[in-house]
Amino acid sequence: MIEVLYKMIEMILFPGFAFIGVLSLLYEWIDRKFYARLQNRIGPLYAGPHGILQPLADFIKLLSKEDIIPEGADKFLFTLTPILFFAINLLLTLFLPICGTTGVISFTGDLIFFVALLTMISILVYTAGMASTNRFATIGAERAVLQLIGYEIPFMLSIVSVAISSRSLTIKNIVESQSSIWHILGPNFLAFIIFAITAQAELERIPFDIPEAEQEIVAGWLVEYSGKKLALFRLGKDVETLLLCGLGATLFLGGPLGPVVPGLEIVFYTLYFIVKSIIVLLVLTTLRALFARLRVDQMLVLSWKYLIPLSLISVLIVRVVF
Amino acid sequence: MSFYIPIGPQHPVHPEPLLMKFKVEGEQVIDVEINVSYTHRGIEKGFEYRDYMKGIFLAERICGICNAAHTLCYTQNIEQLLGKEIPPRAKYLRLIVEELSRIHSHLLWLGLAAHQIGFETLFMYVWRDREKVLDLLETITGNRVVTAYNTIGGVRRDITPEIEQKIRKSLDYLEERTKYFKKVVMEEPTVLVRTQNVGILKPREAIELFAVGPVLRASGIKHDIRADDPYIAHDEVPFNVVTYDTCDVYARILVRVDEILECINMVRYSLDHLPSGEYRIRMPVIVRPPPGESVSRVEAPRGELLHYVRSDGSDKPYRYKVRTPTLANIPSTARMLTSRGDYIVYIADIPIIFGSIDPCLCCTGRVMFIDIEKSKSWVWTYNELVRYSLKRFERHD
Amino acid sequence: MPRPGYMVSEIYKNLLKKRATILYPFKERELVHLPKGFRGRIIFNRDKCIGCQMCFRVCPAQAIKIIEDEKGKRPIFFMYRCIYCGSCAEYCPVKAIELSDIFENIAFNKKDLLVR
């Protein structure tokens, strides 16, 4: 009984939903501020000290706007998609090992489950676009699926090469196998680069901003959403950012491991996890600031001609070394 | 299965309203229909109610960015009508402000082109460095954008030696930054892959469809009003006409960046060889030119700008006509935006192709006829317009 | 030879530089530098005016109205019609009109936008 209560507190408060919610807003602030500084600008400034409450202010503002469902849209799918998007992203954060070597949920082979649900999120993008029955949303949705065909295989192959070098498909074992040396410092460095590029494509940020290209198709698949549904989509996207940065930190940078003071392990593990995932976030933000947006056929050429051979080479290297 | 997408009148990529109706099939564009009648303001009629000195300020407000070119063309026109000659110092000063505003316009365009392919960082850097040119224009003329520098008979203010020092220092900074931006455009693979072989306009098509300005020069045709029909001091200040012959958006970017470097050299040369003397001849406040007509053309940053005036001896013009370069480039845009044969246009190419002609739609607005009772609207073709105007102005001698 | 990420050294250098934006209007107002000949709000010197009405004739926006007061004819300037061209200052024979460097010409009622 106490077990169940303890697990519920873990799931809802720390390191569960409330903690993830706060942390994802913090990550959005870090992303926007760093991106602005790279461009010699200021970024968020006035909401809270140094603008740290700006993502929260945006979220609350969106909650108070009018929620319109277009006449020709499929009402059921239109309303269901933002909720599913947000819920799946929240569920997946329970797998991340934040305050220990395992997450709140952990079972054998949970890495496969994780990646499968990530693909499901991209399919939800397609549903969101198609349920809106707007020309721009249709084009955005079909671009999202084309992009999915592009980045999915290198993403999985880079994760496979990490799994090969730690001989397991369970997140707990992957974290524990990095207690001597982190994966990024070994032959998995190429896998980290491919992971960073494909994570950028999964999160739909520049240079893979294609389904949501502001200059071409207004807002792409998000164009008809407003009010609470748009707030859920944006918060879901922030949680997805936290998810992929956390996954990168777990698989390549050793997760929450590091020198600890015995007794205060939870604090230290959480701190290490946050710092390492912020490092991955800064890498992704630099990628965002360096490039122009690609066209969808160029993105497919990049992925199938360059990324997939490179990821196959990375798997081969790891197989030979280990 | 094809459907129609409207880009505009309100769209994040357009700074000004226009409607482009595209017929798309998947991601490919098949056909386009352009409608530019949203910004018609009745300026040509407005000229007929203002006397010549006040008309300068109306001409300035035809377009915010090309305002130096419009006032230059207007004052040149009226001076030709009056038969007056301006002093040589005024010619050089007009050239300095014209070339500085060309640098401003091309830098603004480079930032916008980077924004349209999604390269936000380059956009921010270029617009940060554009502030230097705006500060220079503010020091010389008193305002950043609407400069009001030219007047009938010369220019309104002089350049002092300390302003000259500031200009030289800023030009050094701008030259270094422009060379850096040129290298970024030439070496960044995402920019190259978005702009090469996109928006092709062959030389024969460019001549047939009357393209002007950098669009024409990027198709390999060497035509620049400053070299072919020199005005103010352009016959004394040497420069190169920049052409590239790959005929795509990449060539247009390079033509404009190289033109910035040429303008910097021209301003330096004119500062070195500035003649002394007066900068303005005194004209009466109400100017009454003799009856007659006059045409003047100027190389605005976007292409060839043409003004025509007809006066009947009073203090207001009888008819004033403005032909702006963007209007001349619209048929070429329609040709560049349709796929034919091997040349495919994607939806993702639309903003950068349309942006590569440097559209300034506030100058372009043309009239569409709407008949409310019969509830139909139509636009006249070229031949119908010619027939109507010949019939209206038929002279019975 | 195209190098992906050509701007990387430049953007990291910009992390250490000072930001290009100034925090006008709440702080840092003194960083706004206006040059000497800036065309801002009109300042009118009543003592020099001789009532020639030249400014009224040259104004392109019809922003000047001539009224009588105890010393004779004088103009009032409507800043909400003014286009800041500087013609009135240029044509005034006694230089009674001057364009200052006040550029924040917004008000809550129209009376604040008259220069007498």
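Quick caveat, the model's predicted, so the values are computed rather than measured.

### Comments concerning the overall build of chain B
- For chain B, the count of helices and strands is 14 helices and 10 strands.
- Relative to the 2.2 N^0.38 estimate, which gives 21 Å for 397 residues, the radius of gyration of chain B is 22 Å and therefore close to what a compact globule would have.
- Its C-alpha atoms give chain B principal-axis dimensions of roughly 70 × 60 × 35 Å.
- For chain B, the residues scored as buried account for 59% of the 397 residues in total.
- Working note: accessible area of chain B is about 16500 Å², and carbon and sulfur atoms make up 52% of it.
- For chain B, the distance from the average site of its 53 positive side-chain charges to the average site of its 53 negative ones is 4 Å.

### Considerations on the overall build of chain A
- For chain A, the helix and strand inventory stands at 12 helices and zero strands.
- Going from the N terminus to the C terminus, chain A shows its helices and strands as α-α-α-α-α-α-α-α-α-α-α-α.
- Computed over its C-alpha atoms, the radius of gyration of chain A comes to 20 Å, within 12% of the 20 Å expected for a compact globule of 322 residues.
- Counting only C-alpha atoms, chain A reaches 55 × 50 × 45 Å along its principal axes.
- Within the span of chain A, comprising 322 residues, buried residues form 57% of the whole.
- Counting only contacts in chain A whose residues sit at least 6 apart along the sequence, the fraction spanning at least 24 positions is 78%.
- Looking at chain A as shown, the accessible area adds up to about 13200 Å², and 74% of this sits on carbon and sulfur atoms.
- The centroid of the 23 positive side-chain charges in chain A is displaced by 5 Å from the centroid of its 24 negative side-chain charges.

### Regarding helix H12 (residues 325-336) of chain B
- Spanning 12 residues, H12 of chain B covers 17 Å between terminal C-alpha atoms, matching the ideal 16 Å at 1.5 Å per step.
- Against strand E3 (28-35), helix H9 (214-217), helix H11 (249-272), strand E7 (303-311), strand E8 (319-323) and helix H13 (350-355) of chain B lie the buried residues of H12 of chain B.

### Remarks on the nonpolar core
- In this structure, Leu92 of chain A together with Met20, Phe22, Phe47, Ile103, Phe119 and Ile167 of chain B are the most contacted members of the largest nonpolar core, which totals 198 residues.
- Each residue touching Phe47 of chain B, except ones within four places of it in the same chain, is listed here: Gly55, Leu58, Ala59, Ile62, Tyr74, Pro317, Tyr320 and Val322 of chain B.
- Ile42, Ala61, Met79 and Val115 of chain C belong to the second-largest nonpolar core, a separate cluster that totals 20 residues.

### So, a nonpolar patch on the surface
Residues and elements named next belong to chain A.
- Taken together, the side chains of Val4, Met8, Ile9, Met11, Ile12, Leu13, Phe14 and Ile266 define a hydrophobic patch exposed on the protein surface, amounting to about 690 Å² of accessible area.
- When residues in the nonpolar patch are grouped by element, the largest group, five residues, is from helix H1 (residues 2-12).
- Assignment of secondary structure puts Val4 in helix H1.

### Thoughts on the confidence of the model for chain B
Residue and element names in this part refer to chain B.
- This prediction gives chain B a mean pLDDT of 88; 95% of its residues lie at or above 70.
- At the low end of the mean pLDDT range in chain B sits strand E9 (residues 369-371), at 59; at the high end sits H11, at 94.
- Here the prediction assigns the complex a pTM of 0.91, and the interface score ipTM is 0.90.

### A look at the pattern of salt bridges
Residue and element names in this part refer to chain B.
- Under the definition given, this model contains 50 salt bridges over all chains.
- A salt bridge links Asp224 to Arg217; the shortest N-O distance between them is 3.7 Å. Each member of the pair Asp224 and Arg217 is classed as buried.
- Across the salt bridge formed by Glu304 and Arg297, the nearest N and O atoms sit 3.3 Å from each other.

### Considering the sheet that holds strand E2 (residues 19-25) of chain B
All names here are of chain B.
- The strand order E1-E2-E3 describes an open sheet built from three strands, whose pairing is antiparallel. The sheet terminates laterally at strand E1 (3-7) and E3, the two strands that pair on one side only. Each adjacent strand pair in this sheet contributes to an overall mean axis angle of 25°, direction not counted.
- As defined by bridge partners, E2 adjoins E3 across seven bridges and the pair is classed as antiparallel. In the sheet register, Met20 faces E3, and the bridge partner there is Ile34.

### Things to note about the packing of helix H4 (residues 88-116) of chain B against helix H5 (residues 120-141) of chain B
All names here are of chain B.
- Remark: H4 packs on H5, axes separated minimally by 8 Å, with the N-to-C direction vectors making an angle of 160°. By the angle class used here, H4 and H5 are roughly antiparallel. Seen from above, H4 lies across H5 with left-handed handedness. Here H4 contributes Val97, Leu100, Ile103, His104, Leu107, Leu108, Leu110, Gly111, Leu112, Ala114 and His115 to the contact with H5, which in turn contributes Glu120, Leu122, Phe123, Val126, Trp127, Arg130, Val133, Leu134, Leu136, Leu137, Ile140 and Thr141.

### Observations concerning the packing of aromatic side chains
All names here are of chain A.
- Overall, the coordinates contain 23 aromatic pairs over all chains when judged by the stated rule.
- Ring geometry for Phe95 and Phe107: centres 5.9 Å apart, planes at 75°, overall edge-to-face. Here Phe107 lies in the loop between helix H4 (75-93) and helix H5 (110-131) and Phe95 lies in the loop between H4 and H5, a separation of 12 residues in the sequence.
- For the ring pair Phe155 and Phe195, a centre distance of 5.7 Å and an interplane angle of 20° mean the geometry is stacked.

### Examining the side chain of Asn134 of chain A
All names here are of chain A.
- Here Asn134 is to be found in the loop between H5 and helix H6 (135-166).
- The class of Asn134 is buried, set by a relative accessible area of 17%.
- With residues up to four places along the chain from it excluded, the contact list for Asn134 reads Val223 and Glu224.

### Concerning the state of the cysteines
All names here are of chain C.
- A complete count under the given rule lists zero disulfides over all chains for this structure.
- Of all cysteine sulfurs in the structure, the one in Cys59 sits closest to Cys85, which takes part in no disulfide; the separation is 6.2 Å.
- A relative accessible area of 9% places Cys85 in the buried class.

### Things to note about the pairing of strand E3 (residues 72-78) of chain C
All names here are of chain C.
- Where burial is concerned, most of E3 is hidden: six out of the seven residues are buried.
- Here six bridges tie strand E2 (residues 64-69) to E3, and the two strands are oriented antiparallel to one another. Residue Ile66 lies in a different strand from E3, and its bridge partner there is Pro75.
- As consecutive antiparallel partners, E2 and E3 are separated by two residues.

So, how was this worked out
- Residues numbered from 1 in each chain as written.
- Chains lettered and ligands numbered in written order.
- Predicted model: local features only at pLDDT ≥ 70, side-chain atom pairs only at ≥ 80, totals over all residues.
- Heavy atoms only, no water.
- Helix = DSSP H or I, 4+ residues; strand = E, 2+ residues; numbered from the N terminus.
- Rg over C-alpha atoms; globule rule 2.2 N^0.38 Å.
- Buried < 20%, exposed > 50% of the residue type's maximum accessible area, 1.4 Å probe, protein only.
- Areas by Shrake-Rupley, 256 points an atom, 1.4 Å probe, with all protein chains shown as cover.
- Lys, Arg positive; Asp, Glu negative; His and termini not counted.
- Charge placed at Lys NZ, Arg CZ, Asp CG, Glu CD.
- Contact = heavy atoms within 4.5 Å.
- Expected span 1.5 Å × (residues − 1).
- Core = buried A, V, L, I, M, F, W, Y, C linked by side-chain atoms within 4.5 Å.
- Patch = residues over 30% accessible without salt bridge, like charges linked within 9 Å, V, L, I, M, F, W, Y side chains within 5 Å.
- Salt bridge = Lys/Arg side-chain N within 4 Å of Asp/Glu carboxyl O.
- pLDDT = per-residue confidence, 0-100.
- Pairing = 2+ DSSP bridges.
- Axes fitted to C-alpha atoms, helices over the stretch in contact; angles between N-to-C directions.
- Parallel < 35°, antiparallel > 145°, perpendicular 65-115°, else oblique.
- Left-handed = near helix turned anticlockwise from the far one by under 90°.
- Phe/Tyr/Trp six-rings, centres within 6.5 Å; stacked < 30°, edge-to-face > 60°.
- Disulfide = S-S within 2.5 Å.

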